[in-house]
Amino acid sequence: MLNFIAKRFVMLILTLVVVSVLAFLIPYVGDGDPVRIILRSRMADEVTDPAMIAALTRELGLDRPLSEQYLGWLWRVLQGDFGLSFTTRTPVDVMFLHALGVSLLLALGALAVAFLLAIPLGTAAAVKRGRAFDHATSFFTQALVAIPEYWIAPILILVFAIYLGVLPSAGWHDWSSMILPVIVLSLRPLAYFTQVARASMIDVLNAPYMMAARARGLGVSASLLAHGLRNAMLPIMTLFSLWLTSLLGGSIVVEAIFAAPGMGWLLYDAVLNNDVPLIQGSIVVIVALAVIINTLTDIVYVMLNPAVKLMS
Amino acid sequence: MTDTTIINSTVIREPGRVRRWLADRHLLTKLGAACFLTILLLLLLTPLISPYDPAAQNLLQKLKWPSAQHWLGTDQFGRDVLSRVIHGGLFSVAVASITIILCAVIGIVIGAVSARKGGIVDEMLMRLVDLLIAFPDVVVAMFFIATLGPGPVTLIIALTAVGWTPFARMMRGLTLEVSSREFIEAAEALACSRWFIIWRHIIPNTLGPVFAMAFLRFGHKLITVGGLSFLGLGVQPPASDWGTMLADARNYMDRMPWLVIAPGLAIFITALSVTMIGKGLEFERNRERRESETT
Amino acid sequence: MNAQQDDEALLRISGLRVGFGSPKHRLTVLDGLDLSLRKREILALVGESGSGKSMTALAAMRLLPQGAAVTAGEIRLDGQDLIALDDKAMNKVRGARIAMLYQQPKIMLDPTATVGSQVAEAMRLRWNLSRAEARPKVIGLLRDVGIPEPELRAKSYSYQLSGGMAQRVMIAAALSAEPEVLIADEPTTALDVTVQAQILRLLRKKRDEHGLAILLITHDLAIVSSIADRVAVMYAGRVVEQGPAREILNAPSHPYTQALLRSSLMQAKEDGRLYAIPGHVAASHSMTCGCRFQPRCTLAGQLGIEAQCLSDEPRLETVSAAHESRCWGKGREGRVHAV
Ligand SMILES: Nc1ncnc2c1ncn2[C@@H]1O[C@H](COP(=O)(O)OP(=O)(O)OP(=O)(O)O)[C@@H](O)[C@H]1O
Ligand code: SF4
Ligand SMILES: [Mg+2]
């Protein structure tokens, strides 16, 4: 067990190092003068005087070897200092806090909707395996996966904001601005959760301990509640965390359509404006969150699942 | 298992083989394949069949509702929407196809090598997969766009960079499973080289599930590529595809919902048809498994 | 004594027929099974793999696998026909009146639930107890089945238990609501020999203390001789011989029982499985008339009664008091030295 955690931890650190190196290198591989880009990210005012630039270059160590510069950058990043955004001239780390809150709200909302619908749907499909309801559910989930969010989102805006006028079309004002993005974001997780819920429910329904529970006098639904759900939940939990990480930074299209100021939108804006410190910061933060959540899930999964624990 | 393989290959040499082969396909596979092939044909034959030049502007005819001349109406520049929809899939479908093929090939090789080599190689590769699989692919795409600039090559590199991981993971499992069968042991006893075994025995025996996964993932890639085009980070003007059409149409959608609905529907149907193929292949495989278990 | 006439029977199965598949493609696995279990009795059900022992147990619990159904017969518990009960009423019978033990105790325990909660289940259902009310009883039960430190063990999970411990837990869970009948399907097959003996002693103790009736399914004739009061021998979905354990073991009447005994004496296989009888049970399931053991029977040839054996099915008939056998050759063995 400790061995397993240690291994995952080493991999986690390695990934973070690699990602941070890649992010650090962005100003050096793009077009444009790296020194000027970096100065712009560190100084409150634009520096144009060549003498000043030369002085600052020496002072900030921008003439040192790349490895030294990287360590300096990393040190600042570890303290939360990603520099100043080119467009807003404010520290990038402050922008992240707000954006992360928005993305987290959207992600958790979408996953909650997906989860609450998928569990009964998947369970019902498992119980009615091979019958019409099962086939219909299977097709429904396939269709959900195939829906582009940049198609369904405008359609929903058209219907609920423009034609019916009951929901805001975009922006971030109150809870009502969350509804449409949450619905759009929930569709694909809903499909995958349903498929996994169905599969793991089928496993569970055939599990010997379920029969033993029936033999102790529990009815079908009582045994499902007492023993089925928890066991079926393990695979869904892994999927849940995968989707959480994916939605935290990856809901760029939806956040852009609904003008929801989350991590994805921040990154998109940064790329459009070539806002280097913001790009670097977003990528490091999103990927770090993704791999940390993923690693933690794996560890929790192993701890919760006695059979896996025994093997490792 | 070896027996059925032999039987299958003799069946294929018989005259009625196409019909037999078709009869073995799941309904979903057949429907999806019919749909997808039609779409591909339309995309490839565009210049021959599209009623209008998709780029031809006609400002007198702009923003028209569907009519006998323009089945799907016209857009803000008076261009024929039907022609543009037929034309507009080429970029997304091409980028997604190339990506998925690269992902599958890389995943197959890494998965097979990982399983056959075992030990530290296996351990390292699989930990790499564990971590990469958690990377949101749009974010990876953003990184590459920020460094390489937008365009098809960037998209292909970006989506392949993490897209190979599920293939590798699945291939590794399949390889381990196949390796435990007798004919591999026999090949090993005959001192066949590692690559020969992978090439001659393992890859042919694992292609089915790999194809299923490739089709299932293809839809997702298609939607991602369209999404990046929608954001202006994929295909670059003056070229256009379904994603950019959707983005352009948003300003007119209250007046002309068709402009939004048509290109989105095209993506949806294409993605759904490949997903159906993938699901159908998966069902076929499960059915085969069940049959080989009961007999 | 026939099953139908046994008035003392607590659990009585008569004419039970169980099949897989649809009416058109039916595979009959139990065909006219008669069996009766009395209070305070340990009845051993023996027979080769595939003879239908587990199906009998599952039918009695009304927990047949998907695709299998009871197509004829009765299962009466204290006179009440279980097959006629609706699902709700049957839930009240399971656990509270008939309980079951299985061959693989570890996989029969929910890996994510504590041992104690599973032991508490049946009693909480029967007497409507809260978790707290059940707790002391659960610990008492665990102690009673020989689990050391029951307070601690109640909080543990199945993966922390050895096979023997898990089977003790299963026994505690089965007896949780004080049922009258326990059906134990090869409860010791997966366990070490020393643990086997302990579990069997525990079962006998439960019988002695509570008057529990036990239907013990087993391959192992050593177990039969050590614990069973009566034995029923199953072949191809029906009982071919039954009677007091000592009589069946010492003076088996049916050629199949004789073969079974002989093979178990000749090869003491570790897992208790019997291989020595040539041929398979499975093929016999498909026979429509005649004695199902005929294809594998040597006695028929020796007695020269193959024609009769092929065309007509023998009935269960009395050999001696309380000992019945289903064979045309019954009483004619003297003419050859069959054993
Ligand atoms: N799911 C199933 N579908 C079809 N036939 C089945 C199924 N399960 C069991 N059978 C058949 O039912 C018959 C009786 O099986 P059962 O499990 O009761 O035998 P058993 O006496 O318990 O054997 P064992 O000693 O191996 O446990 C067997 O011939 C078997 O082939
Ligand atoms: S009835 Fe005939 S075939 Fe059947 S066991 Fe007796 S002698 Fe053998
Ligand atoms: Mg059995």
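Thresholds, definitions, all that
- Residues numbered from 1 in each chain as written.
- Chains lettered and ligands numbered in written order.
- Predicted model: local features only at pLDDT ≥ 70, side-chain atom pairs only at ≥ 80, totals over all residues.
- Heavy atoms only, no water.
- Helix = DSSP H or I, 4+ residues; strand = E, 2+ residues; numbered from the N terminus.
- Buried < 20%, exposed > 50% of the residue type's maximum accessible area, 1.4 Å probe, protein only.
- Contact = heavy atoms within 4.5 Å.
- Areas by Shrake-Rupley, 256 points an atom, 1.4 Å probe, with all protein chains shown as cover.
- Lys, Arg positive; Asp, Glu negative; His and termini not counted.
- Charge placed at Lys NZ, Arg CZ, Asp CG, Glu CD.
- Buried area = accessible area lost by both parts, 1.4 Å probe.
- Salt bridge = Lys/Arg side-chain N within 4 Å of Asp/Glu carboxyl O.
- Pairing = 2+ DSSP bridges.
- Expected span 1.5 Å × (residues − 1).
- Phe/Tyr/Trp six-rings, centres within 6.5 Å; stacked < 30°, edge-to-face > 60°.
- Lys NZ or Arg CZ within 6 Å of the ring centre and 35° of its normal.
- Near = heavy atom within 4 Å.
- Nonpolar A, V, L, I, M, F, W, Y, C, P; charged D, E, K, R; others polar.
- Core = buried A, V, L, I, M, F, W, Y, C linked by side-chain atoms within 4.5 Å.
- Axes fitted to C-alpha atoms, helices over the stretch in contact; angles between N-to-C directions.
- Polar contact = N/O pair within 3.5 Å; in protein donor to acceptor, adjacent residues only side chain to side chain.
- pLDDT = per-residue confidence, 0-100.

### What about the overall build of chain C?
Broken down by element type, chain C carries 13 helices and 12 strands. Within the span of chain C, comprising 339 residues, buried residues form 55% of the whole. In chain C, once contacts between residues fewer than 6 apart in sequence are set aside, the share between residues at least 24 apart is 65%. Carbon and sulfur atoms form 51% of the exposed surface of chain C, whose accessible area is close to 14600 Å².

### Observations concerning the overall build of chain B
Across its full length, chain B holds 13 helices and 0 strands. Scanning chain B from its N terminus toward the C terminus, one meets helices and strands in the order α-α-α-α-α-α-α-α-α-α-α-α-α. By its C-alpha atoms, chain B is 75 × 50 × 30 Å across when sized along the principal axes. When burial is assessed residue by residue, chain B has 50% of its 295 residues classed as buried. Expressed as a percentage of contacts within chain B between residues at least 6 apart in sequence, the contacts between residues at least 24 apart total 72%. When the 27 basic and 22 acidic side-chain charges of chain B are each reduced to a single mean position, those positions are 3 Å apart.

### Considerations on the interface of chain B and chain A
Residue-level contacts link 42 residues of chain B with 51 residues of chain A. Contact with chain A buries surface across chain B, with Leu131(B), Phe143(B) and Leu231(B) losing the most and accounting together for 15% of the total. Summed over the shared surface of chain B and chain A, the number is 1 salt bridge. Measuring nitrogen to oxygen at the nearest pair gives 3.3 Å for the salt bridge that ties Lys7(A) to Glu123(B). Elements supplying a minimum of two residues to the side of chain B that touches chain A: helix H6 (119-132), helix H7 (137-148), helix H11 (194-230) and helix H13 (257-294) of chain B. It is H13(B) that provides the largest number of residues to the side of chain B that touches chain A, a total of 13 residues.

### Regarding the pairing of strand E10 (residues 238-244) of chain C
All names here are of chain C. The buried count for E10 comes to 6 of 7 residues, which makes it a mostly enclosed element. The sheet contact formed by strand E9 (residues 230-235) and E10 spans 6 bridges and is antiparallel. Paired with Met-234 across the bridge in E10 is Val-239. Here E9 hands over to E10 after 2 residues, with Ala-236 in that stretch at a positive phi of 45°.

### Concerning helix H9 (residues 165-179) of chain B
Between the first and last C-alpha of H9(B) there are 21 Å, a value that for 15 residues agrees with the 21 Å anticipated at 1.5 Å per step. Taken residue by residue, H9(B) has Thr165(B), Pro166(B), Phe167(B), Ala168(B), Met171(B), Leu174(B), Thr175(B), Val178(B) and Ser179(B) as its buried positions.

### Some details on the packing of aromatic side chains
For the coordinates displayed, the defined rule picks out 15 aromatic pairs over all chains. Ring geometry for Tyr256(C) versus Phe293(C): centroids 5.2 Å apart, planes at 65°, classification edge-to-face. Here Phe293(C) lies in the loop between helix H11 (281-285) and helix H12 (299-303) and Tyr256(C) lies in helix H10 (residues 255-266), a separation of 37 residues in the sequence. Like Tyr256(C), the residue Phe293(C) is buried in the burial classification. Among the aromatic residues, ring-to-ring pairing joins Phe24(A), Tyr70(A) and Trp73(A) into one connected group. A cation sits over an aromatic face here: Lys137(C) above Trp127(C), 4.5 Å from the ring centre.

### What to know about the site of ligand 1
Residues and elements named next belong to chain C. As a structural note, the neighbourhood of ligand 1 is formed by 15 residues, with Ser-49, Gly-50, Lys-53, Ser-54 and Met-55 the closest of them. Here ligand 1, which alone exposes 630 Å², has 67% of that area covered by the protein. Elements with a contribution of two residues or more to the shell around ligand 1: strand E2 (27-38) and helix H1 (53-61). Looking at which element gives the most residues to the shell around ligand 1, the answer is H1, with 3 residues. Split by residue class, the shell around ligand 1 holds 4 nonpolar, 7 polar and 4 charged.

### Observations concerning the nonpolar core
Side chains that are nonpolar tend, in soluble globular proteins, to be buried together. Ranked by internal contacts, the top residues of the largest apolar core, which has 154 residues, are Leu267(A), Ile283(A), Met142(B) and Leu231(B). The element that contributes the greatest number of residues to this core is H11(B), accounting for 14 residues. Of all hydrophobic cores here, the second largest spans 80 residues; its members include Leu33(C), Ala59(C), Met100(C) and Ala174(C).

### Observations concerning the sheet that holds E10(C)
Residues and elements named next belong to chain C. The strand order across the open sheet formed by 8 strands is E6-E7-E8-E3-E9-E10-E12-E11, and the pairing between neighbours is mixed. Two strands in the sheet have a free side with no partner beyond their single neighbour: strand E6 (98-101) and strand E11 (317-320). In this sheet, neighbouring strand axes are inclined to one another by 25° on average, regardless of whether the strands run parallel or antiparallel. Inspection of the sheet shows strand E7 (residues 181-185) paired to strand E8 (residues 213-218) by 5 bridges, in the parallel sense. The residue bridging Ala-184 from the neighbouring strand is Leu-216, located in E8. Contacts from helix H7 (residues 193-210) reach strand E3 (42-46), E6, E7 and E8, with the element oriented near 160° to E8.

### Observations concerning the sheet that holds strand E4 (residues 68-77) of chain C
Residues and elements named next belong to chain C. Strand order in the open sheet made by the 4 strands is E2-E1-E4-E5, with antiparallel pairing throughout. Either end of the sheet is taken by a strand with one partner, and the two such strands are E2 and strand E5 (80-81). Here 2 bridges tie E4 to E5, and the two strands are oriented antiparallel to one another. Bridge pairing in E5 places Arg-76 opposite Asp-81. Here H1 sits on the sheet and contacts strand E1 (9-20), E2 and E4; the angle it forms with E2, its principal contact strand, is near 70°.

### Structural notes on the pattern of salt bridges
Here the idea is simple: oppositely charged side chains can pair when their charged atoms come close. With the rule as written, the count across this model stands at 27 salt bridges over all chains. Among the salt bridges present, the one from Lys279(B) reaches Glu282(B), with a minimum N-O distance of 3.4 Å. In this pair, Lys279(B) and Glu282(B) both sit in helix H13, 3 residues apart, roughly one turn of the helix. Residue Arg38(C) is joined to Glu41(C) by a salt bridge in which the shortest nitrogen-to-oxygen separation is 3.6 Å. The pair formed by Arg38(C) and Glu41(C) is uniform in burial state, with each residue classed as buried. Put simply, Arg17(C), Asp31(C), Arg238(C), Arg292(C) and Glu313(C) are held in one network by salt bridges that share partners.

### Concerning the interface of chain C and chain A
It is common to report an interface's size as the accessible area lost on association of the parts. Taken residue by residue, the interface counts 23 residues in chain C and 19 residues in chain A. The largest per-residue losses of area from chain C upon contact with chain A belong to Thr112(C), Glu121(C) and Tyr159(C), which jointly make up 30% of the total buried on that side. Our enumeration of links across chain C and chain A arrives at 1 salt bridge. In this structure, Arg216(A) engages Glu121(C) in a salt bridge whose closest nitrogen and oxygen atoms are separated by 2.8 Å. If you look at where chain C meets chain A, you find 9 residue pairs in polar contact (both at pLDDT 80 or more). Contributions of two or more residues to the side of chain C that touches chain A are made by H1, E6, helix H3 (115-127) and helix H6 (163-175) of chain C. Element by element, the count of residues in the side of chain C that touches chain A is highest for H3(C), at 4 residues. Taken together, the residues of the side of chain C that touches chain A sort by class into 16 nonpolar, 4 polar and 3 charged.

### Section: the confidence of the model for chain C
Residues and elements named next belong to chain C. Across chain C, the average pLDDT comes to 86, with 89% of residues at or above 70. Segment residues 335-339 is flagged for pLDDT under 50; beyond a separation of four residues in sequence, or across chains, it makes 9 contacts in the model. Overall fold confidence (pTM) sits at 0.79, and the ipTM for the predicted complex is 0.86.

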